Structure formats: C-alpha cells, structure tokens
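Spelled out, the chains give:
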Amino acid sequence: MVKQILKIQNLHAAIQGVTILKGLNLTVNSGEVHAIMGPNGSGKSTLAKVIAGHPSYNILDGKIVLDDQDITQLSPDSRSHLGIFLAFQYPVEIPGVSNIDFLRLAYNEKRKTNNLEELDPLTFFNFVCSKLDTVKMDSKFLTRNVNEGFSGGEKKRNEILQMTLLENQLTILDETDSGLDVDALKTITSSVKQFHSQEKSMILITHYQRLLDYITPDFVHIMLDGKIEYTGTACLAKKIEENGYDLLKIKY
C-alpha cells in the first residue's frame, strides 16, 4: 500500500505582506521524486521554505500534512525532527561553529526526539567519517567552521552530508545544482541517488534539465504565479528545456 508522505492543500503564503503562494496543492507519496520547475518569481523557493517552516513566511490559508500529522503551525526544528530536510540554494556560513560540532548537535537532537541515546564526540566522529566518501569530502572539512571559506561545490556537498546523516523521510533540494560544475553535480546526484529509497521521498526544485539527467523524477510540476499549473512526467522537463515555457502557452 502506498504511503502518503506529504499533502499540501490550498496553500496561501506571504512574506512582508506580499502573497507568493496562491492556492497551491501537492501530494507526495513514499518513494516518489517530484521535480518543481517554473519561471523566476513563480514561488518555487518560497514553497520549499514554507514546507520547512521558515519564520519569515506567513501561512494565510491552507494546510501542510506530513505523514498524517498537520504541521502547518509547527516550528522548523519540530518539522525537521518529524522528517523534513531542506538543502538550501545558498547555504549560509556560521563563523565560530565547527562543522563537526554543528553536525553532531543536529544529529543528537534528532536522536533525543526519538528517545535514542546521544552519540559521544568520538563515536560521532567515527560515524560521520564513514559517510564522507559518499560525498567525496575530506575529513579536514569537519574541523573548519560551517561553510566558512567553502567553495560553492563544497557547501552543497556539506548539505548533502547533513542529508545522509539525518535520514529524513522528505528531502527538499532547492536548486542544489545551481553553480555546480559537471563533476560536482555528478558527485552530489550520485550521493542523492544512494540515499533515496522506497521509504523516502524527494522534491527537487530546479531551473534546468541537467539535474534531471542524473535523477529521473516520477513527476514534473510547473509552477506559475504561486500555483502548480501543469504536471507531467520527466519528458515534460525535456520539452521545457528545448522550447521554454512558451510551449505550455504560459504568459509571464
């Protein structure tokens, strides 16, 4: 039986008094990969942040349900502990906080929520080192401050390292392919594919077909003016790449 992971109903959301999402609906089942595309300003990144509970956005109407639980009003950390992970388009730097401490605290907070014993620093270090090869990161990055002085590709790999550690059931990648060269893109998409399973679901937000050349989505959604206006298979993304959004007679 197919398990429903995420259901969004008639979602309206705004930031600084400007409404961005205008009645959006989306359902994601276990094991599915959904790609969301659309012109600039259509609301793609806003959707990702609203699902994750970004405090700058106000939900005006509608509902977000994760695994049969209404999370519409929950805090970002509560949503994370329940199974949502968001990889940012522009990962932030956190001066003064080492990467290893950041990762260990995040991992242990989730373990505490699930009534599991926390890992001590040495045990966690050995554990995280076992994951480094997957994202082709050197252990020296663990002792550096979070994303400080990292290249664009290193920041994105660090996000994917967090994803593999936290093992959440719904992963949202917000333009993770942005700014990556071909080799970095191959590394990251390979890691994502290894992580994905029939128990986990994924939302890929992207402008370009090239990400979908490596990760084939089950569904492609086209957003326009705060709503999903078109849904198709992976072939839809290829047609958009070749012909632009005029193919769908979208005016924007």
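The following paragraphs examine the structure supplied in this document. (Residues numbered from 1 in each chain as written. Predicted model: local features only at pLDDT ≥ 70, side-chain atom pairs only at ≥ 80, totals over all residues. Heavy atoms only, no water.)

### Thoughts on the sheet that holds strand β9 (residues 170-174)
Working step 1: Read across the sheet, 6 strands follow the order β6-β9-β10-β3-β11-β12 without closing on themselves; strand pairing throughout is mixed. Each having just a single partner strand, β6 (84-87) and β12 (227-232) make up the two edges of the open sheet. Pairwise comparison of adjacent strand axes, ignoring direction, gives a mean angle of 20° for this sheet.
Working step 2: Bridge count between strand β3 (residues 33-37) and strand β11 (residues 219-224): 4 bridges; the pairing is parallel. What sits directly across from His34, in β11, is Phe219. (Pairing = 2+ DSSP bridges. Helix = DSSP H or I, 4+ residues; strand = E, 2+ residues; numbered from the N terminus. Axes fitted to C-alpha atoms, helices over the stretch in contact; angles between N-to-C directions.)

### Describing the nonpolar core
Working step 1: In terms of nonpolar packing, the biggest core is built from 41 residues, with Met37, Phe124, Val128, Leu161, Val192, Leu204 and Ile222 touching the most fellow members.
Working step 2: Other than its neighbours up to four places away in sequence, Phe124 contacts Ile100, Leu103, Arg104, Tyr107, Leu119 and Leu165.
Working step 3: Counting 27 residues, the second-largest nonpolar core is a separate cluster that includes Ile8, Ile64, Ile203 and Met223. (Core = buried A, V, L, I, M, F, W, Y, C linked by side-chain atoms within 4.5 Å. Buried < 20%, exposed > 50% of the residue type's maximum accessible area, 1.4 Å probe, protein only. Contact = heavy atoms within 4.5 Å.)

### A few points about helix α3 (residues 99-113)
Working step 1: Taking 1.5 Å as the rise per residue, α3 with 15 residues should run 21 Å; its terminal C-alpha atoms sit 22 Å apart, in good agreement.
Working step 2: Of the residues making up α3, those classed as buried are Asn99, Ile100, Leu103, Arg104, Tyr107, Asn108, Lys110 and Arg111. Burial along α3 is one-sided: seen end-on, the buried residues are contained in an arc of 155°.
Working step 3: Buried positions along α3 lie against α2 (76-82), β7 (94-98), α4 (121-135), α5 (140-143), β8 (145-146) and α6 (152-166).
Working step 4: Positive phi appears at Asn115, one or two residues downstream of α3, with a value of about 60°. (Expected span 1.5 Å × (residues − 1). Arc of directions from axis to C-beta.)

### A closer look at the pattern of salt bridges
Working step 1: Applying the stated criterion across every chain, the model contains 6 salt bridges.
Working step 2: Of the charged contacts in the structure, one is a salt bridge between Asp67 and Lys3, with a shortest N-O distance of 3.5 Å. Of this pair, Asp67 sits in the loop between β4 (57-66) and β5 (69-70) while Lys3 sits in the segment before β1 (4-15), and the two are 64 residues apart along the sequence.
Working step 3: The exposure class of Asp67 is partly exposed, given its relative accessible area of 29%.
Working step 4: We classify Lys3 as partly exposed; its relative accessible area is 40%.
Working step 5: For Glu109, the salt bridge goes to Lys112, with nearest N and O atoms at 2.9 Å. Of the two residues, Glu109 and Lys112 both sit in helix α3, 3 residues apart, roughly one turn of that helix.
Working step 6: The partly exposed category is assigned to Glu109, whose relative accessible area is 36%.
Working step 7: Accessibility expressed as a relative area gives 41% for Lys112, which makes it partly exposed. (Salt bridge = Lys/Arg side-chain N within 4 Å of Asp/Glu carboxyl O.)

### Quick word on unusual backbone geometry
Residues apart from glycine generally show negative phi values, whereas peptide bonds are mostly found in trans.
Working step 1: In the Ramachandran plot, Asp68 falls in the positive-phi region, its phi being about 70° despite a non-glycine side chain.
Working step 2: Position of Asp68 among the secondary structure elements: in the loop between β4 and β5.

### Thoughts on the pairing of strand β2 (residues 18-29)
Working step 1: Here β1 pairs with β2 via 9 bridges, running antiparallel. When the bridges of β2 are listed, His12 appears paired with Lys22.
Working step 2: The hairpin formed by β1 and β2 contains 2 residues between the paired strands, and Gln16 there has a positive phi angle of roughly 50°.

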